[in-house]
Amino acid sequence: LSELHNYASCFAILNALNYQPVMGHLGKSLQGMSPVAAEKWSEMRAFWKDPAQKNFTEYEKRLRLANPPCIPYLEAHLSGIVTVEETTSDRIGRLINMEKRRRIFEIIQTIQQYQTPPYNLNSIYQMQQFIGGKLKYDLVELEVQARKLE
């Protein structure tokens, strides 16, 4: 996902894995990872850190270096818009604050520039069938399987 610049999915997966109940279940699995997988896991956690802290500096650096297409992590951009909205007044005297509008436009333009070019990926029918079949478990069945593995 990172190689495809799919930052939205990277953050979603890391948030799910960092969720305390999930992390508790993954303890044994993480200990059994190969050194290569453990290194990748450490790199991913170091890069993404904790999105709840709202510090997206490293993400913004990578985004600037990424070649489109790209799927940006919208929360980072929405946080920027909220910050501009909350910290900048709508008017300067009786005039509309155009600087505020320009800053919001720049954030939206950033999102759009990375979404414009399409991905050039080939569809793999067997992979679609495999994923489609594996995702048909219900939550109760998955919980039972997780308990067996513990």
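Criteria and thresholds
Residues numbered from 1 in each chain as written. Predicted model: local features only at pLDDT ≥ 70, side-chain atom pairs only at ≥ 80, totals over all residues. Heavy atoms only, no water. Helix = DSSP H or I, 4+ residues; strand = E, 2+ residues; numbered from the N terminus. Buried < 20%, exposed > 50% of the residue type's maximum accessible area, 1.4 Å probe, protein only. Polar contact = N/O pair within 3.5 Å; in protein donor to acceptor, adjacent residues only side chain to side chain. Contact = heavy atoms within 4.5 Å.

Asker: Please explain the side chain of Thr 88 as it appears in this structure.
Answerer: With respect to the helices and strands, the residue Thr 88 is situated in the loop between helix 5 (74-87) and strand 1 (91-92). Residue classification places Thr 88 among the buried residues on the basis of a relative accessible area of 15%. A distance of 3.4 Å separates the side chain of Thr 88 from the side chain of Arg 103, its partner in a polar contact. If near-sequence neighbours (up to four positions away) are discounted, Thr 88 is found in contact with Asn 97, Lys 100 and Arg 103.

Asker: Got a minute to help me understand the side chain of His 77 in this structure?
Answerer: Take His 77: it is sitting in helix 5. His 77 gets classed as buried once you look at its relative accessible area, which sits at 9%. A distance of 3.0 Å separates the side chain of His 77 from the side chain of Tyr 59, its partner in a polar contact. When neighbours within four sequence positions are excluded, His 77 is seen to be in contact with Tyr 59, Leu 63, Pro 72, Ile 107, Thr 110 and Ile 111.

Functional significance is not addressed by these values, which are geometric in nature.
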